Amino acid sequence: MPNIDVIRPADPEETAGAFVAAMQRTDGPTFLALTRQTVPMLNDIDPNLRREGVLRGGYVAKKEQGKLDLIILSCGSELQHALAAARELGDGVRVVSIPCFERFNRQSEKYREEILPKECRKRVAIEAGVTEIWYQYVGLDGKVIGLHQFGLSAPGAEVMKERGIDAQHVIQAAKSLR
């Protein structure tokens, strides 16, 4: 839909930032897409960073400790899987939360380059939905894990695992890029 900001927060702190973003926007509507799933508090990420990151549409949720080798992108309830995969994959992994593509794309080129440096072409995104929108960030060299079919009936965690929306599938996709 044109001129609408869709924000998909990952936890209560991102949700607070999403609410502020929605209230501050005066030039169009904002849609907050909240999950019914149980999600963990992302306490390893500074609360102010989570709130302010949502206002900008995206931010570095976990900075690499060594040379940047891989970027994992996500939003909403899948951010927990991106962070879990990064812990397994090592020091050269950055995790980026992009809860609002529209807000992120309105940021300066400089800011977007700080978050998603062009020199790192190894990228994996995870999304419990259609994958197409993520290709603008992962490029031709990256991979997107997502859903291409719906209708499986079971508890949420079982459905996500069956459909490949978990840390293990992110790890597999990342290793296939190396």
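Predicted model, so just to flag it, every value in this text is computed and none were measured. (Residues numbered from 1 in each chain as written. Predicted model: local features only at pLDDT ≥ 70, side-chain atom pairs only at ≥ 80, totals over all residues. Heavy atoms only, no water.)

(A) Expanded view of the packing of helix α3 (residues 79–89) against helix α8 (residues 167–177). Orientation of α3 relative to α8, taken along the N-to-C sense of each, is 50°, at an axis distance of 8 Å. As far as their axial angle goes, α8 and α3 are oblique. The interaxial crossing formed by α3 with α8 has right-handed handedness. Facing α3, whose interface residues are His81, Ala84, Ala85, Glu88 and Leu89, α8 presents Ala167, Val170, Ile171, Ala174 and Lys175. Looking at the contact of α3 with α8 residue by residue, the class counts come to seven nonpolar, one polar and two charged. (Axes fitted to C-alpha atoms, helices over the stretch in contact; angles between N-to-C directions. Helix = DSSP H or I, 4+ residues; strand = E, 2+ residues; numbered from the N terminus. Parallel < 35°, antiparallel > 145°, perpendicular 65-115°, else oblique. Left-handed = near helix turned anticlockwise from the far one by under 90°. Contact = heavy atoms within 4.5 Å. Nonpolar A, V, L, I, M, F, W, Y, C, P; charged D, E, K, R; others polar.)

(B) Spotlight on the layout of surface pockets. Taken as a whole, the second largest pocket spans an internal volume of roughly 320 Å³. Leu116, Lys118, Arg123, Gln136 and Tyr137 are the residues nearest the centre of the second largest pocket, which is lined by 16 residues in total. At the level of elements, α4 (101–105), α5 (109–115) and α6 (135–138) are the ones that each hand at least two residues to the lining of the second largest pocket. (1 Å grid on protein atoms, 1.4 Å probe; cavity = no way out; pocket = protein on both sides within 12 Å on 5 of 7 lines; lining within 4 Å. Points joined across faces, edges and corners; volume = space filled by probe spheres on them.)

(C) Structural detail: the environment of glutamine 168. Its place among the elements puts glutamine 168 in helix α8. For glutamine 168, a relative accessible area of 45% corresponds to the partly exposed category. Sequence spacing of glutamine 168 and histidine 81 is 87 residues, and the spatial spacing of their C-alpha atoms is 8.3 Å. (Buried < 20%, exposed > 50% of the residue type's maximum accessible area, 1.4 Å probe, protein only.)

(D) Just the sheet that holds strand β7 (residues 143–145), in detail. Strand order in the open sheet formed by five strands is β3-β5-β4-β6-β7, with mixed pairing between adjacent strands. The strands lining the two open edges of the sheet, one partner per strand, are β3 (59–62) and β7. For this sheet, the mean angle separating the axes of adjacent strands, direction not counted, is 30°. Relative to strand β6 (residues 123–126), strand β4 (residues 70–74) runs parallel, the two sharing three bridges. (Pairing = 2+ DSSP bridges.)

(E) Region of the structure containing the environment of valine 130. For valine 130, the location among the structural elements is in the loop between β6 and α6. A C-alpha to C-alpha distance of 9.4 Å links valine 130 and valine 144, two positions 14 residues apart in sequence.

(F) Seen up close, the packing of aromatic side chains. A full pass over the atoms with the stated rule returns five aromatic pairs. Where phenylalanine 104 meets tyrosine 137, the ring centres are 5.7 Å apart and the plane angle is 75°; that geometry is what we call edge-to-face. Of this pair, phenylalanine 104 sits in helix α4 while tyrosine 137 sits in helix α6, and the two are 33 residues apart along the sequence. The rings of Phe101, Phe104, Tyr111, Trp134 and Tyr137 are connected pair by pair, giving a single aromatic cluster. Above the ring of tyrosine 111, the side-chain terminus of arginine 56 is found at 3.6 Å from the ring centroid. (Phe/Tyr/Trp six-rings, centres within 6.5 Å; stacked < 30°, edge-to-face > 60°. Lys NZ or Arg CZ within 6 Å of the ring centre and 35° of its normal.)

(G) Spotlight on the nonpolar core. One finds Ile72, Leu73, Ile98, Leu116 and Trp134 to be the most contacted residues of the largest nonpolar core, which totals 44 residues. Core analysis: the second largest hydrophobic core is formed by five residues, Ile7, Ala18, Ala21 and Val54 among them. (Core = buried A, V, L, I, M, F, W, Y, C linked by side-chain atoms within 4.5 Å.)

(H) Region of interest: the pairing of strand β5 (residues 93–97). In terms of burial, β5 is largely enclosed, as five of its five residues are buried. Residues of β5 alternate between two faces, with Val93, Val95 and Ser97 on one and Arg94 and Val96 on the opposite face, all of them buried. Both β4 and β5 contribute to a ladder of five bridges, which runs parallel. Paired with isoleucine 72 across the two strands is valine 95, which belongs to β5. You can see the chain leave β4, run along α3 and come back into β5, and the turn it takes is right-handed. (Right-handed = clockwise from strand over helix to strand, strands pointing away.)

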